[in-house]
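Survey of secondary and tertiary structure
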Amino acid sequence: MKLIKYFAFFLLLNSLVWGSSIFLGFSQDDFFHLEIARADSLRTFLEFFNPRANNWQFFRPLSTQVWYFMFERLFGWQKAALPMHLAAIFIHSINTTLVFTLVKKIWKLKISLAFTFASLYAIASVHFLSLYYVGATQQLLASMFSLLVLHASLKNQTFKSSFFYLFALLSKELSLRLAPIVVLVHLLSGKSLSDSVKKSKNIIVLTLVYLLFRYLFKVVIALEYTLDFSIFTTLATLMWYVLMSFGAPEYLLRFGLSHGQIDVLGYVSSVYPLSTINAVTVALSLILFVTILLIQLRKPPSARHFFPLALLWLAGIAPVLFLPTHRYSHYLDLSLFFVLFFLVTAKKSFLKVILIISLTTAFLSGNLLDRQTHWTIERSLSAQKYLMFLTSAGYCQYSTLYFVGNQTATNNLSYALMNEHGPQIACSRHDLSVYYSDTAPKNMEDDVGVIKVE
């Protein structure tokens with residue numbers, strides 16, 4: 001019963017922090033996901049789980065086809081975005097509660113410390129994309145099943161942990177990071193390395209089986225996920241993830257310069273005073289964290305915990321470490337354990353209080369900055385505007401549509417509408433041809449509609 005009370009509190013907290021997301025509609029990949037989530041029979045529904053039947057470049061049937069199919073059937077695509085955003089907040093609240101119980105189980109934290117840990121996890125700015133972009137709910141679902149794997153594994157529930165791991169893998173490939181994470185969590189709970197590996201063997205075996213499955217069925221990731229093993233690029237990626245772990249928003253990436261440098265002055269003055277507050281509190285949080293860490297490392301028990309925790313942070317982002325074109329903060333959802341552990345377990349001191357206040361401010365200001373600047377909000381509003389216009393103004397009667405404007409505007413709109421998929425869904429016309437151009441074609445036929453992009 002007490003756990004329900006904590007869940008209710010986390011639900012309220014997450015609703016306050018992330019509630020404005022409910023006003024956003026679909027954008028970008030959402031329209032493609034709606035397209036591939038169609039099923040008119042049990043057979044076609046089961047085809048979601050057949051990699052040979054999918055001609056697209058991911059295999060995430062649970063968090064994509066099943067998820068979109070369910071909400072589209074219940075609410076219709078026009079109204080599904082709102083309940084999907086509400087569901088994302090609900091899932092994040094489940095995750096927060098699972099984090100709360102997990103840290104008590106691993107480190108035997110007092111209720112007050114576990115509560116502080118979970119509350120900071122709830123409001124962390126790394127979750128922004130997962131909660132404001134419907135398509136990124138995949139990350140929340142994968143995290144939920146991953147946390148359930150950790151819970152079951154710590155209870156030696158082999159079948160349950162294997163079952164939840166399968167669901168995590170069917171939600172997102174990133175869940176492959178669970179193999180080392182489960183081993184590290186057992187280490188942190190007091191087990192020896194050999195015992196930790198033994199208790200994680202089912203996850204390790206399933207990981208190998210899944211990788212073999214991907215190879216045999218030739219399930220590949222999208223071509224845009226280009227790997228870069230350059231040492232300097234990897235170090236720069238690590239730098240960005242460190243900064244985002246302490247509250248820097250994805251907006252900061254716009255101020256990246258060559259050789260891992262950042263236009264700090266440009267960032268600080270860009271959205272004054274919010275960007276200034278964020279820059280100061282992120283820097284202060286990092287400085288205080290390193291100070292407390294150095295103090296803690298002088299004590300043998302803390303030193304023994306440091307390396308597994310550092311590896312835990314690294315394991316959380318290991319699958320995306322060599323993807324410099326996809327630096328998204330929500331990949332840090334499990335890595336946050338390392339950052340928050342030293343904060344809540346440090347002895348009560350003035351430094352600790354200041355760090356909690358500073359990190360909270362960094363997280364909240366990071367959220368507010370992304371709310372004003374993140375591409376997902378701009379694209380969502382743009383998609384809503386133009387889809388409403390083309391349906392209300394009668395453009396669905398044409399067989400071909402041209403969205404015409406300057407190159408930047410039309411490119412952004414093509415991303416927002418996922419090329420032809422958004423207009424085709426809005427018009428219920430899968431034969432509708434859609435183009436984005438800077439000028440309208442000459443000698444247009446009568447069956448062509450032109451929409452000006454501003």
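As shown above, the structure is provided for reference.
A brief look at the structure comes next. (Residues numbered from 1 in each chain as written. Predicted model: local features only at pLDDT ≥ 70, side-chain atom pairs only at ≥ 80, totals over all residues. Heavy atoms only, no water.)

**Topic: the overall build of the chain**
Across its full length, the chain carries 21 helices and three strands. On C-alpha atoms alone, the chain measures out to a radius of gyration of 23 Å, which is about the 22 Å that the 2.2 N^0.38 rule sets for 454 residues. Once the C-alpha set of the chain is aligned to its principal axes, its extents read approximately 80 × 55 × 50 Å. Expressed as a percentage of contacts within the chain between residues at least 6 apart in sequence, the contacts between residues at least 24 apart total 78%. With the model as given, the accessible surface of the chain reaches about 21000 Å², and the carbon-plus-sulfur share is 66%. One way to put it: in the chain the 36 positive side-chain charges average out to a point 22 Å from where the 22 negative ones average out. (Helix = DSSP H or I, 4+ residues; strand = E, 2+ residues; numbered from the N terminus. Rg over C-alpha atoms; globule rule 2.2 N^0.38 Å. Contact = heavy atoms within 4.5 Å. Areas by Shrake-Rupley, 256 points an atom, 1.4 Å probe, with all protein chains shown as cover. Lys, Arg positive; Asp, Glu negative; His and termini not counted. Charge placed at Lys NZ, Arg CZ, Asp CG, Glu CD.)

**Description of the state of the cysteines**
Simply put, the disulfide is a covalent bond whose two ends are the sulfur atoms of two cysteines. Enumeration according to the criterion identifies one disulfide in this entry. Two residues, Cys-396 and Cys-427, share a disulfide whose sulfurs are 2.0 Å apart. The disulfide joining Cys-396 to Cys-427 has a torsion of about -70° about its S-S bond and is therefore left-handed. Here Cys-396, found in the loop between α19 (375–392) and β1 (400–404), pairs with Cys-427, found in helix α21 (residues 421–427); they are 31 residues apart in sequence, far enough to count as distant. Judged on exposure class, the residue Cys-396 and its partner Cys-427 are both buried. (Disulfide = S-S within 2.5 Å. Buried < 20%, exposed > 50% of the residue type's maximum accessible area, 1.4 Å probe, protein only.)

**Regarding the environment of Phe-322**
In this structure, Phe-322 sits in the loop between α16 (300–317) and α17 (336–345). Residues Phe-322 and Ile-231, spaced 91 residues apart in sequence, show a C-alpha to C-alpha distance of 9.5 Å. If sequence neighbours within four positions are ignored, Phe-322 has contacts with Thr-226, Leu-227, Asp-228, Phe-229 and Thr-234.

**Things to note about α19**
Relative to the 26 Å expected for 18 residues at 1.5 Å per residue, α19 spans 26 Å between its end C-alpha atoms, a close match to the ideal helical length. When α19 is considered as a whole, its buried residues turn out to be Thr-376, Ile-377, Arg-379, Ser-380, Ala-383, Tyr-386, Leu-387 and Leu-390. Trailing α19 by a residue or two, Gly-394 shows a phi angle of about 80°, which is positive. (Expected span 1.5 Å × (residues − 1).)

Function cannot be inferred from these measures alone, as they are strictly geometric.
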